[in-house]
Amino acid sequence: MSDLMDLSELRVRRERWIDAPPQTVYDLISDVEASVAWTPDLVSATYETEGVPRVGSWFTAVNADVRHDHEWVTRSRIHAAEPGREFAWYVVVHGVDATLWHYRLQPRDQGTLVTESWQVEHLFPVMGESREELLDLKAHNTAGMEATLDSLAEVAAARAR
């Protein structure tokens with residue numbers, strides 16, 4: 001699979017200023033169960049352990065791709081959980097860190113500059129079996145990130161009022 005493309009081509013980063021303090025944004029993104037409200041492909045998500053999400057915690061998510069009328073389940077492990085600063089997780093496939101989703105939060109102009117990133121760490125056939133399919137996945141996730149950040153901005157600003 002790695003001969004299809006350089007993994008550095010499968011990275012995306014998007015930024016969005018949000019009119020809410022970093023802690024408000026963090027509380028929203030770290031609540032994976034509630035994130036269904038602003039994440040386009042997410043059907044449901046549940047932490048496997050109770051309490052505050054912390055590094056090493058796991059959650060299970062059900063995702064749907066309406067383009068291909070396909071639904072699948074993922075397991076993810078929290079990689080970073082610093083309230084008000086960053087939240088990240090690896091989607092784990094067959095015991096291997098497949099993709100990393102990451103949010104960085106920076107106080108900016110009475111609000112928060114949110115940087116969301118996605119990167120493939122290890123390719124699996126389910127992601128795509130050709131360069132074209134992998135680039136389609138990247139484009140799909142890029143559009144999803146932009147929609148997520150727009151929706152998150154609305155929810156966070158409303159909560160901060």
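Just above, that's the structure.
Residues numbered from 1 in each chain as written. Predicted model: local features only at pLDDT ≥ 70, side-chain atom pairs only at ≥ 80, totals over all residues. Heavy atoms only, no water.

Chemist: Before we go on, may I ask you to explain the pairing of strand S7 (residues 111-120) in this structure?
Modeler: The buried fraction of S7 amounts to 9 of the 10 residues, a majority that puts the element mostly inside the structure. When strand S1 (residues 11-18) meets S7, the two strands line up antiparallel, connected through 8 bridges. Paired with Glu15 across the bridge in S7 is Thr115. Pairing analysis gives 10 bridges linking strand S6 (residues 96-108) to S7, with the strands arranged antiparallel. Across the sheet, Leu105 pairs through a bridge with Val114, a residue of S7. (Buried < 20%, exposed > 50% of the residue type's maximum accessible area, 1.4 Å probe, protein only. Helix = DSSP H or I, 4+ residues; strand = E, 2+ residues; numbered from the N terminus. Pairing = 2+ DSSP bridges.)

Chemist: Any chance you could explain the packing of aromatic side chains here in plain terms?
Modeler: A ring pair, where both rings are aromatic, is described by two values, the distance of the centres and the angle of the planes. Using the criterion set out here, one finds 7 aromatic pairs in the structure. On the numbers, 5.7 Å between centres and 70° between planes, the contact of Phe59 with Trp89 is edge-to-face. Of this pair, Phe59 sits in strand S3 (residues 58-65) while Trp89 is found in strand S5 (residues 86-93), placing the two residues 30 residues apart along the sequence. The rings of Tyr26, Tyr47, Phe59, Phe87, Trp89, Trp101, Tyr103 and Trp118 are connected pair by pair, giving a single aromatic cluster. In this structure, Arg75 is placed above the aromatic ring of Trp58, and the distance from its NZ or CZ to the ring centre is 4.0 Å. (Phe/Tyr/Trp six-rings, centres within 6.5 Å; stacked < 30°, edge-to-face > 60°. Lys NZ or Arg CZ within 6 Å of the ring centre and 35° of its normal.)

Chemist: Would you explain the pattern of salt bridges in this entry?
Modeler: Pairing between side chains of opposite charge can happen when their charged atoms approach one another. For the coordinates displayed, the defined rule picks out 7 salt bridges. Arg14 is the salt-bridge partner of Glu146, the closest N and O atoms lying 2.8 Å from each other. Placement of the pair is Glu146 in helix H2 (residues 131-160) and Arg14 in strand S1, with a sequence separation of 132 residues. Assessed through its relative accessible area of 36%, Glu146 is described here as partly exposed. For Asp150, the salt bridge goes to Arg16, with nearest N and O atoms at 3.1 Å. In this pair, Asp150 is assigned in helix H2 and Arg16 in strand S1, connecting sequence segments 134 residues apart. (Salt bridge = Lys/Arg side-chain N within 4 Å of Asp/Glu carboxyl O.)

Chemist: Would you take a moment to explain the sheet that holds strand S4 (residues 70-82) for this structure?
Modeler: Across a sheet, strands are paired by hydrogen bonds formed along the backbone, either parallel or antiparallel in direction. A sheet is described by the order of its strands in space; here 7 strands give the open sequence S1-S7-S6-S5-S4-S3-S2, paired in antiparallel fashion. Each edge of the open sheet is held by one strand with a lone partner, namely S1 and strand S2 (42-47). Averaged over all adjacent pairs, the angle separating strand axes in this sheet is 20°, with direction ignored. Helix H1 (residues 22-29) contacts S1, S4, S5, S6 and S7 of the sheet and is inclined by roughly 155° relative to S6. Where H2 meets the sheet, its contacts fall on S1, S3, S6 and S7, and the angle it forms with S1 comes to roughly 15°. (Axes fitted to C-alpha atoms, helices over the stretch in contact; angles between N-to-C directions. Contact = heavy atoms within 4.5 Å.)

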